[in-house]
Structures are given as structure tokens and as C-alpha cells.
Amino acid sequence: MKAVKVTLCILTLIVFGLFMLGYWMTPAPGTSSGNGNPALLILMGLIPLFIVMTVLWWTLLRRCPFQARTYYISIVLLLTHLAAALFYRHHSLEAYRGVIRQALLNRYGTWDEQYVQDITTGLSIHINHQNFNVNTFLLFLSAVLLAAIVFWLLDQTARRDS
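Residues numbered from 1 in each chain as written. Predicted model: local features only at pLDDT ≥ 70, side-chain atom pairs only at ≥ 80, totals over all residues. Heavy atoms only, no water.

Peer 1: So what's going on with the side chain of asparagine 133? Which residues, and what values?
Peer 2: Here asparagine 133 lies in the loop between helix H5 (128-131) and helix H6 (134-161). At a separation of 3.3 Å, a polar atom in the side chain of asparagine 133 contacts the main-chain carbonyl oxygen of glutamine 130. Looking at asparagine 133, its side chain comes within polar contact range of the main-chain nitrogen of asparagine 135, at 2.9 Å. Among residues more than four places away in sequence, those in contact with asparagine 133 are Phe19, Met20 and Tyr23. (Helix = DSSP H or I, 4+ residues; strand = E, 2+ residues; numbered from the N terminus. Polar contact = N/O pair within 3.5 Å; in protein donor to acceptor, adjacent residues only side chain to side chain. Contact = heavy atoms within 4.5 Å.)

Peer 1: Report on helix H1 (residues 2-24), specifying residues and quantitative values.
Peer 2: If you check H1, its first and last C-alpha atoms are 33 Å apart, about what 23 residues at 1.5 Å a residue would give, namely 33 Å. For H1, every residue scored as buried is listed here: Val4, Leu8, Leu11, Val15, Phe19, Met20 and Gly22. Those residues of H1 hidden inside the fold are in contact with helix H2 (39-62), H5 and H6. (Expected span 1.5 Å × (residues − 1). Buried < 20%, exposed > 50% of the residue type's maximum accessible area, 1.4 Å probe, protein only.)

Peer 1: Please give an account of a nonpolar patch on the surface that cites residues and values.
Peer 2: Where nonpolar side chains cluster on the molecular surface, the patch consists of Val6, Ile10 and Ile14 and spans about 240 Å² of accessible area. You can see isoleucine 14 is positioned in helix H1. (Patch = residues over 30% accessible without salt bridge, like charges linked within 9 Å, V, L, I, M, F, W, Y side chains within 5 Å. Areas by Shrake-Rupley, 256 points an atom, 1.4 Å probe, with all protein chains shown as cover. Salt bridge = Lys/Arg side-chain N within 4 Å of Asp/Glu carboxyl O.)

Peer 1: Can you lay out the confidence of the model for the chain for me, pointing to particular residues and giving the numbers?
Peer 2: Here the chain averages 91 in pLDDT, while 97% of its residues score no lower than 70. Per-element averaging of pLDDT across the chain places helix H4 (residues 113-119) at the bottom with 89 and H1 at the top with 96. (pLDDT = per-residue confidence, 0-100.)

Peer 1: Hey, could you go over the packing of aromatic side chains for me, with residue numbers and the actual values?
Peer 2: Under the defined criterion, the tally for this structure stands at seven aromatic pairs. Here the aromatic rings of phenylalanine 16 and phenylalanine 137 are separated by 5.0 Å at their centres, their planes lie at 75°, and the arrangement is edge-to-face. Of this pair, phenylalanine 16 sits in helix H1 while phenylalanine 137 sits in helix H6; the two residues are 121 residues apart in sequence, bridging distant segments of the chain. Aromatic rings pair up to connect Phe16, Phe19, Phe50, Phe132, Phe137 and Phe140 into one cluster. (Phe/Tyr/Trp six-rings, centres within 6.5 Å; stacked < 30°, edge-to-face > 60°.)

Peer 1: Tell me about the nonpolar core, residues and numbers included.
Peer 2: Of all hydrophobic cores here, the largest spans 17 residues; its most connected members are Leu8, Val15, Phe19, Leu46, Met53, Phe132 and Phe140. Residue assignment for this core shows that the elements contributing at least two residues are H1, H2 and H6. Sort the elements by how many residues they give to this core and H2 lands first, with seven residues. Phenylalanine 140 has contacts with Val15, Phe19, Leu46, Leu49, Phe50 and Met53, leaving out every residue within four places of it along the chain. (Core = buried A, V, L, I, M, F, W, Y, C linked by side-chain atoms within 4.5 Å.)

Peer 1: Pulling in residues and values, what's your account of the packing of H1 against H6?
Peer 2: Axis separation between H1 and H6 bottoms out at 9 Å; the angle between their running directions is 145°. The way H1 lies across H6 gives a crossing that is right-handed. Every residue of H6 that contacts H1 at Thr12, Val15, Phe16, Phe19 and Met20 is listed here: Val134, Thr136, Phe137, Phe140 and Leu141. Tallied by class, the residues present in the contact of H1 with H6 amount to eight nonpolar, two polar and no charged. (Axes fitted to C-alpha atoms, helices over the stretch in contact; angles between N-to-C directions. Left-handed = near helix turned anticlockwise from the far one by under 90°. Nonpolar A, V, L, I, M, F, W, Y, C, P; charged D, E, K, R; others polar.)

Peer 1: So what's going on with the packing of H2 against H6? Residues and values would help.
Peer 2: At a closest axis distance of 8 Å, the pairing of H2 and H6 adopts a crossing angle of 50°. Here H2 is positioned oblique relative to H6, judged by the angle of their axes. In this structure, H2 meets H6 at a crossing whose hand is right-handed. Across the interface between the two elements, Leu46, Leu49, Phe50, Met53, Thr54, Trp57, Trp58, Leu61 and Arg62 from H2 touch Phe140, Leu141, Ala143, Val144, Leu145, Ala147, Ala148, Ile149, Phe151, Trp152, Asp155 and Arg159 from H6. Across the contact of H2 with H6, the residue classes tally to 17 nonpolar, one polar and three charged. (Parallel < 35°, antiparallel > 145°, perpendicular 65-115°, else oblique.)

Here it is as C-alpha cells:
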């Protein structure tokens, strides 16, 4: 049990470091970014970490004596956090688009709205700090915990049925 907790703590620190590394890979507003987005490698590394952390949390939850009601309340709270974090990210992205427009206006005297939309959509390097920050790190952790709780509930249901 101690090894699971220590591993979870270490993996959480690694994930936090990856999110901050991705954050620092954002070019300044209005500047060129080069070719490609190296933060996509971080994103690919987060997928197996998500799975491993979910399994570790599920292992911990299997040994916890909480009532099912506690888990249902946790699911509601985690879903609320996920919705709030995504809402915050959306508004933060809109505010950052304004910063880019202003930077382009200061540099060139005008801006192209389609260009602003193009560089701030999807997994563009220009919005790495929108995709990799403390908010999205906490969103990641909430999603891991939510997945582990759902698997725990499914496991409990399967055990009762057999």
C-alpha cells in the first residue's frame, strides 16, 4: 500500500513537471513559432501516465472502507470541477486571443481574425500555456480520480453480481 502511495506522489510530480514544461513551450504573442509543436510529445506521454495513475488510484480505492454514497458524491464534485475547469479554460483562451490581437495590432498595425483563430485552435504551439497549466493539471488529476472511482464502482457491481 505504501508503494502505491509513493508511486502516485512521484507520478503526480512528474505529471506536474510535464504540464509546466508544456506551459513554457509557448512562444510570445505575435511571434513566429517555428515548425511543429514539441509539446505534443508531452501529450503523448500523459496518456500512459493517465492509465497508470488511474490503476493506482483504483488499487487504493479497493482498500478504502468508504461507502458507495461517498463515491457518488465524489463523482458529482469531480464532474463539477471538470466543468468549471473547462469553462475557465474557454474564457482564458478568449482573453488570450485578445492579447494576441493586441500584439499583432501593435506590431503590424492590424490583425487577421482568421489567423488569430488558426493559431489558437486545436493543439497549436501558440496556446500551449492554455493546454498545459495548473488548471489543466488539476483537470487531469480530477479526470484520473473520476476514472478510478467509476472503475471501482463497476468492480463493486461485478463482485456483487458474481
